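An overview of the molecular structure
Each chain, letter by letter, is given below.
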Amino acid sequence: VKLVAELPPTLKELNLTRTNCFGDGGRAPWKRLASLEKVYQADTHITGDIVQLTSKLPMSLRELNLDRTEYYGEGVKAEWSFFCYLETLCLTSLKITGDIVKIVERMPKTLKVLKLYRTECSGEGAKVNWRKLLPDLEGLSLPHTALMSETSLQAWDEYSRSSFD
């Protein structure tokens, strides 16, 4: 939190990966970094409510990597669609809950990579209208979630074959 308050407002990229940084990321004054495009916090001890964090981050973000941090909360309440430039969202191993259909409905259409590996998301992935909601999606990681079913995998397989052929 203190670090974010001290950074220059012109900062475009913040990489804290594998540092010993800690604190409540949702309480940091992120909005003052209006030019910020890339945030990497993977493998840190940063914690906080994902809903609070997404309400404070600047809309200029293109990449957000929170893999293996200590964020938690209801993914369906986070304002993902606010990030109209977001292309990469990595939430591996977070305690993010919610129905996958509702979470994806809130994602920006600009998203190209979505990693929900080892989250607590649930629901039926086959019910997500992937083509319509995320037309530019190039990578999707869903292993070890509560929605790994044969129909989910078949839906993704059909989508990827038709989209990438």
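The present account deals with the structure reproduced in this document. Chains are numbered independently. Their residues run from 1 in the order of the written sequence. The predicted origin of the model limits local features to residues at a pLDDT of at least 70 and limits the giving and counting of side-chain atom pairs to 80 or more, whereas totals for whole chains, interfaces and linings rest on all residues. Calculated side-chain values reflect all of the structure's heavy atoms, with hydrogen atoms and water omitted.

1. Looking at the environment of Leu 116
In plain terms, the rule: Labels follow the DSSP assignment, with helices taken as runs of H or I lasting at least four residues and strands as runs of E lasting at least two, numbered in each case from the N terminus. Summary of the burial criterion: residues with accessible area below 20% of their type's maximum are buried, those above 50% are exposed, and those between are partly exposed, where the area comes from a 1.4 Å probe applied to protein chains only. Only heavy atoms matter for contacts: two residues are in contact if any of them lie within 4.5 Å across the pair.
Topologically, Leu 116 is positioned in the loop between β9 (113–115) and β10 (120–122). You can call Leu 116 buried: its relative accessible area is 1%. Here the alpha-carbon distance between Leu 116 and Thr 92, two residues 24 residues apart in the chain, equals 5.3 Å. Once you skip the residues sitting within four places of it in the chain, Leu 116 turns out to touch Leu 91, Ile 100, Cys 121, Ser 141, Leu 142 and Thr 145.

2. What about the pairing of strand β6 (residues 70–74)?
Quick note on the threshold: For two strands to pair, DSSP has to find at least two bridges joining them.
Judged from the three bridges that link them, strand β4 (residues 45–49) and β6 form a sheet pairing that is parallel. Across the sheet, the residue bridging to Thr 47 is Glu 70, located in β6.

3. Details of the nonpolar core
As a reminder, the rule being used: Here, nonpolar core means buried Ala, Val, Leu, Ile, Met, Phe, Trp, Tyr and Cys residues that are tied together by side-chain atoms lying within 4.5 Å of each other.
Trp 30, Leu 64, Trp 80, Leu 89, Leu 114 and Leu 134 are the most contacted members of the largest nonpolar core, which totals 43 residues. At four residues, the largest contribution of residues to this core is made by helix α3 (residues 100–105). Those residues in contact with Leu 89 that lie beyond four places of it in its chain are Leu 64, Trp 80, Met 107, Leu 111, Val 113, Leu 114 and Lys 115.

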